[in-house]
Amino acid sequence: MASCSKSMVDCDRGSQPVLRMAVASFALCTLLALQTGCGGGGGSGGANTPPPGFADTTASSVPDAVTAAAASDSRIDLSWNASTDSGGSNLSGYRIYRDGATTVLATVNAPSTTYSDTGLTANTPYSYVVRAFDGAGNESAASATVSATTSMAAVTGVSGLDSRPSNTTCVAWERPASGAISLTRFTDLAFNASVAMLQAPRDNSRWFVVEQAGTVKQFNLPDPAAATTFIDISARVASGGELGLLGMAFHPNFPTDPRVFLSYTTGTSGQRVSRISAFRTSNGGATLNADQEEVLLSVNQPQDNHNGGNIVFGPDGFLYIGLGDGGGGGDDHGSNGNGQRLTTLLGKMLRIDVDGATPYAIPPGNPFAQNARCPAAGRASGECPEIYAWGFRNPWRWSFDRVNGDLWVGDVGQNLWEEVDRVTLGGNYGWRCREGAHDYNTSGTPACGAAQLIDPVAEYGHGGGSSITGGYVYRGSQPTALAGRFLFGDFNSGRIWAWIEENAAQPRAPTELLDTALNIASFGQGNDGELYVVDYGALYRIDFQATTGGSVPTKLSATGCVDPADARRPATGLIPYDINAPFWSDGATKDRWIGLPEGSKIAVRDSGDWDFPNGTVLMKNFSLGARLVETRLFMRHPDGGWGGFTYEWNAQQSDATLVRNGAVRDIGGQQWIFPSESQCSQCHTSAAGGALGLETAQLNRDFLYPQTSRNANELFTLNHIAVLSPPIPDPSTWPRMADPADTTAPLTERARAYLHTNCSQCHRPGGPTPSAMDLRYTTPLDRTGTCDAPPQSGDLGLGAAARLIAPGSATSSIVVNRANRRDGNAMPPLASNVIDTAGVALLTQWIDSLSGC
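Keep in mind it's a predicted model, so treat the numbers as computed, not measured. (Residues numbered from 1 in each chain as written. Predicted model: local features only at pLDDT ≥ 70, side-chain atom pairs only at ≥ 80, totals over all residues. Heavy atoms only, no water.)

Caption draft 1: Spotlight on the overall build of the protein chain. Looking only at helices and strands, the protein chain features eleven helices and 49 strands. Here the protein chain holds 853 residues, and the buried ones make up 55% of them. A separation threshold of at least 6 residues defines the contact pool for the protein chain, and within that pool the share at least 24 residues apart is 59%. For the protein chain, the exposed area adds up to about 34000 Å²; of that, 50% sits on carbon and sulfur atoms. The positive charge centre, built from 59 side chains, and the negative charge centre, built from 80, are 1 Å apart in the protein chain. (Helix = DSSP H or I, 4+ residues; strand = E, 2+ residues; numbered from the N terminus. Buried < 20%, exposed > 50% of the residue type's maximum accessible area, 1.4 Å probe, protein only. Contact = heavy atoms within 4.5 Å. Areas by Shrake-Rupley, 256 points an atom, 1.4 Å probe, with all protein chains shown as cover. Lys, Arg positive; Asp, Glu negative; His and termini not counted. Charge placed at Lys NZ, Arg CZ, Asp CG, Glu CD.)

So, in structure tokens, the structure goes:
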């Protein structure tokens, strides 16, 4: 009643002339309240016809506390709190929507706040939203989305195998010998996204490790129990992907001069800045004072990637700074790109004097030293005096030879080539005119015509890796023929090379030393000249000594993994399996087996991922039509590292031969890719546990076992033969991944399964890609880092509307665009020449159906 009397007009807009009569207003309002529920709460659920002329446009409140729970293998029960309605037409009821559909699944009359969805498919996820509606037809906004998975139908108790097969032949061999170095773990300390390690001048007892999120950790030798914080500036650092705290350098006269210089990115998306700042030590040099920052140099970054970020004092005492081309793809920044444009600091090696002036002076020998300092955004004309050399795409890691002062730079490539440059004052190293020693964009870059371009001293193609990490010239004391050679690696493939010109099998070909399973983010050099590898979380010392290892069988028939009498058949000790959501392999059909060493078991993690014992071999056959094309063996060597080997089948289908370093063959008019050993490691990432596809949600399915001709659940079977630890006796208690090709499954689940299988091995926490995407099946969409997120590596021509996933617009979504191409921007980026048209259609349908994140 009080609600009614405060606004007579709201009671019945059609009776305004009468309601203006103050004497009758209270009585009339009371009568109308009884008739229309003015000021009241929920209704009876029946028709609520408002008086003539009434215009209720106020929707009921959004249903809250919505829950969904599986009641059986075919029913899910929903409940929610009652909505309220203040518009005058009374609450009528609720409408239920399932799996993102726009059509109503069911209508529930008020005051009921429950609903049971029946006739569902067993072990299948479903999602729901609830909307309230009133008598005037107004519908509330959608409630929060809730999901539930129906339980699995009762397990039959039938195992596809009676017992565990004995496997004594298909066991991983020793890692092949691969060079004159080996790695030893340097301390047991673990770090968070470590990107650099170094020592202070003349202090051999202490090491410093730069963590990308914005901290520097320190530890003392010889046996550190823990690392302490040297400085923490994470609050001002923009990190993730290629952003973050990227470089650190002690003043050459440290600690007499107490300054330590840091290179980091800051700012928000679209307003990124690369910053070089000086900090001073406090507490007798124990820490850096984060509150006293002297900003020396700021450079605006148009994109989030290609920031470079390494800083090093040269033998001349000047500070050198490496900056990338500003990001995106192809240096699409103006007519010449930033690499060739001398009015910007991007795409350059810079040199400044931090002692000659405040904030810095220009060394007189710089090519354009006579000009005024460049502003953060560059300038319209006049070369920047900070420039030392130019024509770089992303000089991520580089160093000086401590003996002769040579500057060695590893410059990250675009689509095909990674390069090593020996950089000299005033040199132009080619980007974007050239990628490595090869033309890239000469006709579209006017500066290329008159430029004197310097080719790299070494390069390698993307069959060996795809993200070079520059290292050091070895000047330590270990006896080795590699003394005086430049060592470097690759972040994605984990390979380590040396540049030995006289050993090059072809011009600029480096010598491979070691194939590791690491993500090599950087190298470190001690004050004694010894070298270290910085994995993205751990440190390793390089030991210069000949390594020993196993030999690789050149014939599949000699591996012990196939029937000696018929190489087309697996060895009797292998366990066959299949998965719910298969990886796209250019239309090939695949058969899969597990070879477990005798007595060993598969560890089942709480996350549903599986961890395989050393010695495991995973075998997969690829067929195009009736023709066997390739057999891949992916194995966990006795030392715990994973390695991949591929065999090409002969025309007679009698045996297959080892393919080294990858190959492309014409198979019935289709260009089939045999991946190299390093490409296997690029997809089978350490972040994903090495083995792909073998996880609980993928093998929770029925499979026809050829040994017994029984159709049985794979998890039940593996548990029955006692190879899982802990066991999974009842698969109905575990999730089941959707098959992307199963049109009866919910659209969202199919699309997320596709992204999980084809993308999440790299796009996940700790993965090797320069992005923060997490495309695992279990990650909610709004936490994947993709939904309505602008691209950080170029828009691929989609324009300002481009998003990684643009809800409601597949045409503006980078994820779909990359899946629908087979060039340097393709996804997946390796081992595929054929677009998965069905997969593209699935992603398109799903993204177009999204109304938000």
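Caption draft 2: Structural detail: unusual backbone geometry. Across the junction of Leu 221 and Pro 222, the peptide omega takes the value 10°, indicating a cis bond. Each neighbour pair has its own omega, and for Ser 725 with Pro 726 the value is -5°, a cis peptide bond. Looking at the secondary structure, you find Pro 726 in the loop between strand 49 (724–725) and helix 9 (747–759). The phi angle at Gln 653 is positive, at roughly 60°, despite the residue not being glycine. Note on placement: Gln 653 falls in the loop between strand 43 (642–649) and strand 44 (656–659).

Caption draft 3: Expanded view of helix 11 (residues 837–849). Relative to the 18 Å expected for 13 residues at 1.5 Å per residue, helix 11 spans 18 Å between its end C-alpha atoms, a close match to the ideal helical length. Within helix 11, burial applies to Gly 839, Val 840, Leu 842, Leu 843, Trp 846 and Ile 847. Taken around the axis of helix 11, the buried residues stretch over an arc of 160°, which confines them to a single face. Those residues of helix 11 that are exposed and aimed more than 90 degrees away from the buried face are Thr 837 and Ala 838. Turning to helix 11, the residues buried within the fold contact helix 9 and helix 10 (814–819). (Expected span 1.5 Å × (residues − 1). Arc of directions from axis to C-beta.)

Caption draft 4: Broad picture of the environment of Cys 374. By the secondary structure assignment, Cys 374 is in the loop between strand 20 (348–352) and strand 21 (387–390). Residue classification places Cys 374 among the buried positions, given a relative accessible area of 7%. Expressed as a C-alpha distance, the spacing of Cys 374 and Thr 344, which sit 30 residues apart in the sequence, is 7.4 Å. Those residues in contact with Cys 374 that sit more than four places away from it in its chain are Thr 343, Leu 345, Arg 379, Cys 384, Pro 385 and Glu 386.

Caption draft 5: Up close: the sheet that holds strand 10 (residues 206–211). Taken in spatial order, the four strands line up as 9-10-11-12 in an open sheet, and their pairing is antiparallel. Lying at the two open borders of the sheet, with one neighbouring strand each, are strand 9 (194–198) and strand 12 (228–232). On average, adjacent strands in this sheet sit at an angle of 25° to one another, irrespective of strand direction. (Pairing = 2+ DSSP bridges. Axes fitted to C-alpha atoms, helices over the stretch in contact; angles between N-to-C directions.)

Caption draft 6: Structural view of the packing of aromatic side chains. In total, this model carries 28 aromatic pairs according to the counting rule given. For the ring pair Phe 368 and Trp 390, a centre distance of 5.8 Å and an interplane angle of 40° mean the geometry is tilted. Linking Phe 368 in the loop between strand 20 and strand 21 with Trp 390 in strand 21, this pair joins segments that are 22 residues apart in sequence. With respect to class, Phe 368 is no different from Trp 390; both count as buried. Ring centres 5.4 Å apart and planes at 20° place the aromatic pair Phe 392 and Tyr 429 in the stacked group. Of the two residues, Phe 392 sits in the loop between strand 21 and strand 22 (395–400) while Tyr 429 sits in the loop between strand 24 (417–423) and strand 25 (434–435), which places them 37 residues apart along the sequence. Following the ring pairs from residue to residue traces out a cluster consisting of Phe 186, Phe 191, Trp 207, Phe 219 and Tyr 532. The ring of Tyr 97 has Arg 131 sitting right over it, with the charged end atom 5.6 Å from the ring centre. (Phe/Tyr/Trp six-rings, centres within 6.5 Å; stacked < 30°, edge-to-face > 60°. Lys NZ or Arg CZ within 6 Å of the ring centre and 35° of its normal.)

Caption draft 7: View of the nonpolar core. Ranked by size, the top nonpolar core spans 35 residues in total, and within it Val 216, Ile 233, Met 248 and Phe 250 carry the most contacts. Among all residues touching Val 216, those that are not within four sequence positions of it are Phe 208, Val 209, Val 210, Thr 228, Thr 229, Phe 230, Ile 231, Leu 245, Met 248 and Leu 262. (Core = buried A, V, L, I, M, F, W, Y, C linked by side-chain atoms within 4.5 Å.)

Caption draft 8: Broad picture of the sheet that holds strand 39 (residues 602–604). Spatially, 40-39-49 is the arrangement adopted by the three strands of the open sheet, whose pairing is mixed. Two strands close off the open sheet at either side, each with one partner strand: strand 40 (610–611) and strand 49. As paired strands, strand 39 and strand 40 are joined by two bridges and run antiparallel to one another. In the strand pairing of strand 40, Ala 603 is matched with Asp 611.

Caption draft 9: Examining the state of the cysteines more closely. Applying the stated criterion across every chain yields a total of four disulfides. In this model Cys 170 forms its disulfide with Cys 561; the gap between the sulfur atoms is 2.0 Å. On the S-S bond that ties Cys 170 to Cys 561, the torsion sits near 85°, and the link is right-handed. With Cys 170 in the loop between strand 7 (146–149) and strand 8 (181–185) and Cys 561 in the loop between strand 34 (539–544) and strand 35 (562–563), this residue pair connects regions lying 391 residues apart in the sequence. The burial state of Cys 170 is the same as that of Cys 561; both residues are buried. In this model, Cys 374 is linked to Cys 384 through a disulfide, with the two sulfur atoms separated by 1.9 Å. Between Cys 374 and Cys 384, the S-S dihedral sits near -85°, and the bridge is therefore left-handed. Taken together, the residues span a long stretch of sequence, with Cys 374 in the loop between strand 20 and strand 21 and Cys 384 in the loop between strand 20 and strand 21 at a distance of ten residues. (Disulfide = S-S within 2.5 Å.)

Caption draft 10: Looking closely at the side chain of Thr 786. Along the chain, the position of Thr 786 falls in the loop between helix 9 and helix 10. Reaching out from Thr 786, the side chain makes a polar contact with the side chain of Thr 784 at a distance of 2.6 Å. Excluding residues within four positions of it along the chain, Thr 786 makes contact with Met 773, Leu 775, Leu 781, Leu 804 and Ile 805. (Polar contact = N/O pair within 3.5 Å; in protein donor to acceptor, adjacent residues only side chain to side chain.)

Caption draft 11: Quick peek at the confidence of the model for the protein chain. Put simply, the protein chain has an average pLDDT of 88, and 91% of its residues get 70 or more. Scored below 50 in pLDDT, residues 1–50 shows 47 contacts in the model against residues more than four places distant or in partner chains. (pLDDT = per-residue confidence, 0-100.)

Caption draft 12: Summary view of the pairing of strand 46 (residues 670–674). Counting buried positions over the five residues of strand 46 gives four, a clear majority of the element. Where strand 45 (residues 663–667) hands over to strand 46, the hairpin turn is made up of two residues, of which Gly 668 adopts a positive phi near 60°.

Caption draft 13: Region of interest: the packing of helix 9 against helix 11. Where helix 9 contacts helix 11, the two axes come as close as 9 Å, and the packing angle between them is 130°. By the angle class used here, helix 9 and helix 11 are oblique. You can see that helix 9 and helix 11 cross each other, and the crossing is left-handed. Where helix 9 abuts helix 11, its residues Leu 747, Thr 748, Arg 750, Ala 751, Arg 752, Tyr 754 and Leu 755 lie against Gly 839, Leu 842, Leu 843, Gln 845, Trp 846 and Ser 849. The class makeup of the residues in the contact of helix 9 with helix 11 is seven nonpolar, four polar and two charged. (Parallel < 35°, antiparallel > 145°, perpendicular 65-115°, else oblique. Left-handed = near helix turned anticlockwise from the far one by under 90°. Nonpolar A, V, L, I, M, F, W, Y, C, P; charged D, E, K, R; others polar.)

Caption draft 14: Region of interest: the pattern of salt bridges. The final tally for this structure, using the stated rule, is 29 salt bridges. Taking the shortest distance from any N to any O, the salt bridge between Asp 304 and Arg 272 comes out at 2.9 Å. Of the two residues, Asp 304 sits in the loop between strand 17 (294–301) and strand 18 (311–313) while Arg 272 sits in strand 15 (residues 272–282), which places them 32 residues apart along the sequence. Take Asp 304 and Arg 272: they sit in the same class, and that class is buried. (Salt bridge = Lys/Arg side-chain N within 4 Å of Asp/Glu carboxyl O.)

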